[in-house]
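Listed below are the residues making up each chain.
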Amino acid sequence: MSLTNSERAIITTIWDKISTQADVIGTETLERLFSSYPQTKTYFPHFDLHPGSPQLRAHGSKVMAALGDAVKNIDNVEVALTKLSELHAYVLRVDPVNFKLLSHCLLVTLAAHFPADLSAEVHAAWDKFLSLVSSILTEKYR
């Protein structure tokens, strides 16, 4: 799956807005993930998963930083996410479906934070980008 030039422009433009609130968006995305899909909590037995906890905020920041790296390397997302893919596949052994669930929760969070900016075209571009990210993060499982 590849992104068109138009989709890349949309993603980087919206990322400029997201990046100013990345920590809040990351935390809220994880809170939404754990609330909507409680089975995903099993990968975080050592975390305080209460809304706004320091561990949740820290991991939300990590998630968004990784996504930021993917955006910065939008022409070569695979290289940007190789180590993260290996970590999740070989060390953490995260069920691949969880990346799709996280992507969905991020899209909902973006819609809540940027309702005027998340047109159908922007939503579609981000959905495609997050699908690409999820695919890369799960390719080591194959």
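Please read all numbers here as calculations on a predicted model, not as lab measurements. Along every chain, residues carry numbers that run from 1 in the direction the sequence is written. Local features in this predicted model are restricted to residues whose pLDDT is 70 or higher, and side-chain atom pairs enter the listing and the counts only when it is 80 or higher, whereas totals over whole chains, interfaces and linings include all residues. In computing side-chain properties, one takes all heavy atoms of the structure into account and sets aside hydrogens as well as water.

## Comments concerning the packing of aromatic side chains
Put simply, two rings from Phe, Tyr or Trp (the six-membered ring, in Trp's case) pair if the centres are within 6.5 Å, and we call them stacked under 30 degrees between planes, edge-to-face over 60, tilted for the rest. Tallied over the entire structure, the rule returns three aromatic pairs. Between Phe34 and Phe44 the ring centres are 5.2 Å apart and the planes differ by 65°, which places this aromatic pair in the edge-to-face class. One end of the pair, Phe34, is in helix 2 (residues 22-36); the other, Phe44, is in the loop between helix 2 and helix 3 (54-72), and ten residues separate them in sequence. There is no split in this pair, since Phe34 and Phe44 are both buried. Measuring from ring centre to ring centre gives 5.0 Å for Phe44 and Phe47, while their planes differ by 55°; the resulting arrangement is tilted. Every member of this aromatic cluster is reached through a ring pair, and the members are Phe34, Phe44 and Phe47. Only DSSP runs of H or I with at least four residues qualify as helices, and only runs of E with at least two residues qualify as strands; both kinds are numbered from the N terminus onward. Note on exposure labels: buried denotes an accessible area under 20% of the residue type's maximum, exposed denotes more than 50%, and partly exposed covers the range between, all computed with a 1.4 Å probe on protein chains only.

## Concerning the pattern of salt bridges
Salt-bridge detection follows one rule: a side-chain nitrogen of Lys or Arg within 4 Å of a carboxyl oxygen of Asp or Glu. Scanning the model with the defined rule gives four salt bridges in all. Put simply, Lys17 and Asp117 hold a salt bridge, and the shortest N to O gap is 2.9 Å. Of this pair, Lys17 sits in helix 1 (residues 5-18) while Asp117 sits in the loop between helix 5 (97-113) and helix 6 (120-138), and the two are 100 residues apart along the sequence. Accessibility expressed as a relative area gives 38% for Lys17, which makes it partly exposed. We classify Asp117 as partly exposed; its relative accessible area is 25%. One salt bridge in this structure joins Arg32 and Glu28, with 3.4 Å as the shortest N-O distance. One end of the pair, Arg32, and the other, Glu28, are both in helix 2, four residues apart, so they sit about a helical turn from each other. Given a relative accessible area of 24%, Arg32 falls into the partly exposed group. Glu28 sits in the partly exposed class, given a relative accessible area of 21%.

## Thoughts on the nonpolar core
Within soluble globular proteins, side chains that are nonpolar generally end up buried alongside one another. Definition used in this section: a nonpolar core is a set of buried Ala, Val, Leu, Ile, Met, Phe, Trp, Tyr and Cys residues joined via side-chain atoms within 4.5 Å. Core analysis: the biggest nonpolar cluster contains 30 residues, and Ile18, Leu67, Trp126 and Phe129 have the highest contact counts within it. Among the secondary structure elements, those contributing two or more residues to this core are helix 1, helix 2, helix 3, helix 4 (77-91), helix 5 and helix 6. At nine residues, helix 6 tops the list of elements feeding residues into this core. Leave out the neighbours within four places in its chain, and Ile18 touches Ile25, Met64, Leu110, Phe114 and Trp126. Formed by eight residues, the second largest nonpolar core is a distinct cluster that contains Leu56, Leu101, Leu102 and Cys105. Here a residue-residue contact requires only that any non-hydrogen atoms of the pair lie within 4.5 Å.

## Examining the side chain of Thr27
Along the chain, Thr27 falls in helix 2. A 3.5 Å cut-off defines polar contacts: any pair of N or O atoms within that distance qualifies, except that in protein one atom must be a possible hydrogen donor and the other a possible acceptor, and neighbouring residues in sequence count only when both atoms are side-chain atoms. For Thr27, the side chain forms a polar contact with the main-chain oxygen of Asp23, separated by 2.9 Å. Setting aside residues up to four positions removed in sequence, Thr27 forms contacts with Gly52, Leu56, Arg57 and Gly60.

## Remarks on the packing of helix 1 against helix 3
A fitted line through C-alpha atoms represents every axis, and for helices the fit uses only the stretch in contact; the resulting angles, taken between N-to-C directions, go from 0 to 180 degrees. Following both chains from N to C, one finds helix 1 and helix 3 inclined at 150°, their axes separated by 11 Å at the closest point. Where helix 1 crosses over helix 3, the two elements pack in a sense that is left-handed. Touching Ile11, Thr12, Trp15 and Ile18 of helix 1 are Met64, Leu67, Gly68 and Val71, all from helix 3. Gly falls in the polar group here, along with every residue not listed as nonpolar (Ala, Val, Leu, Ile, Met, Phe, Trp, Tyr, Cys, Pro) or charged (Asp, Glu, Lys, Arg). Among the residues making up the contact of helix 1 with helix 3, the classes are represented as six nonpolar, two polar and no charged. Left-handed describes a crossing in which the near helix is turned anticlockwise from the far one by less than a right angle; the clockwise case is right-handed.

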